[in-house]
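# Coordinates in review
What follows is each chain in one-letter form.
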Amino acid sequence: MTLRIAVLGGGNGSFAAAGDMALNGHEVRLWRRDAEAVAAHKAQGGTISVKDAKGTHEARLALVTTDIAEAVRGAALILCPAPATAQADIARLLAPVLEDGQVVFLPPGTLGTVLMARALHEIGRKPRGAFAETGTLPWLARKHGPHQVAITTRATRLPTGVFPLDAAGHALAVIGQAFPGAIEPCGDALSGALMNAGAIIHPPLIIMNAGPLEHFEKWDIHNEGTVPAIRRTTDALDAERIAVREALGYGAPHFPLAHHYAKEGEEWMYGRASHDRLTESGDWREKIILTQHRYMMEDLRLGLSLIISAAELAGVPTPLARAFSSIGAAIRGDMPDHSGRTLADAGLGGLDRAGIDRVLKHGF
């Protein structure tokens, strides 16, 4: 079934989303804030060149615009693969123009589902719809030019939580049309947020590779930067995330990051051998500026603080999450207070566990 899909953002994930959804036959409208980039894209003809293992394909978009109302009007699905650092601004723009029945999908979300729903609540709007988030970007992708994106692999399993949980049936049905066979329900939005792999894989990779990242012009944290000591640390950090999930009552599968690297056993979100394809592509040999990069600003500052906040609710210790969060703050020159995105920041402040559960199930 053909969907009308609005894609928000102009980065790697948003271009992969827009290009892939258009190639799959959907009507795609791309919104971004950069007026100059939008004008150039329109002048080019409004296409995205998508490179993957099967070749290069030209995807034609129905619309490229700076007007978010124009982009989302009549859309069944609103895809927002933008970094979590942009979610609050996007929420303020999106809240006045959302329509009944629309589903907003954040891949991944860092509890941005609740943050966006809260933005609606704060301006007194209550359109019937839903927000959902999953554990990773559905594409391993990098832009190769202003209108070209290379997709190394696509996700095959996307554990997805919905806000409010009451609306899960509708939300999962719509998202499933865009990602057939890939969506796996994992409960409420907090469960979905605690599937976010970025806050587990990236902090050890950039903190423990800080020396070569700042010394060499380019460095591949996934190739020579992924050594046994870092892998052991990543698994230990992931064990903290899983302990939080279990303490909050969320069941398996927890999608342990170790499955991403494994040659056998349960497949992870990107399926088998995705790590090898990632390193072979060469697209992740790049310059990472530690005080500015998305891995630092999104995954360490926001992602780890959310895990720490959820752990405090659950009564679970998270020494590694706190350590990486503090070191990241020192690198950025911030206060080491783990305050990037707490449960309160997302809109769940002042509630006990029962109160949070009620909001996650029924909404604000």
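Here's what I pulled together on the structure shown here. (Residues numbered from 1 in each chain as written. Predicted model: local features only at pLDDT ≥ 70, side-chain atom pairs only at ≥ 80, totals over all residues. Heavy atoms only, no water.)

### Describing the layout of surface pockets
Let me state the cut-off plainly: Put plainly, a pocket is an open set of points on a 1 Å grid over the protein atoms alone with protein on both sides within 12 Å along at least five of seven lines, a cavity is a set where a 1.4 Å probe fits but cannot get out, and a lining residue has an atom within 4 Å of a point. Grid points are joined across faces, edges and corners, and a volume is the space filled by probe spheres set on the points. Strands here are runs of E lasting at least two residues and helices are runs of H or I lasting at least four, both read from the DSSP assignment and numbered beginning at the N terminus. Nonpolar residues are Ala, Val, Leu, Ile, Met, Phe, Trp, Tyr, Cys and Pro. Charged residues are Asp, Glu, Lys and Arg, and all others, Gly as well, are polar.
As a volume, the largest pocket reaches approximately 720 Å³. Surrounding the largest pocket, 34 residues form its lining, Leu137, Arg142, His202, Arg294 and Tyr295 being those nearest its centre. For the lining of the largest pocket, the secondary structure elements donating two or more residues are α1 (12-23), β9 (139-145), α8 (198-207) and α13 (294-314). Broken down by class, the residue content of the lining of the largest pocket amounts to 17 nonpolar, 12 polar and 5 charged. Estimates place the volume of the second largest pocket at around 340 Å³. Lining the second largest pocket are 18 residues, and of these Leu120, Lys126, Pro127, Gly129 and Pro164 lie nearest its centre. Elements supplying a minimum of two residues to the lining of the second largest pocket: α5 (112-122) and β8 (130-134). No other element matches the 3 residues that α5 contributes to the lining of the second largest pocket.

### Overview of empty space enclosed by the protein
The full count for this structure, using the stated rule, is 1 cavity of 30 Å³ or more. The space that makes up the largest cavity amounts to roughly 40 Å³. Along its surface, the largest cavity is lined by Thr110, Ala193, Leu194, Asn196, Ala199, Arg241, Gly303, Leu306 and Ile307. A total of 3 residues in the lining of the largest cavity trace back to one element, the largest contributor, which is α13. Of the residues in the lining of the largest cavity, the class split is 5 nonpolar, 3 polar and 1 charged.

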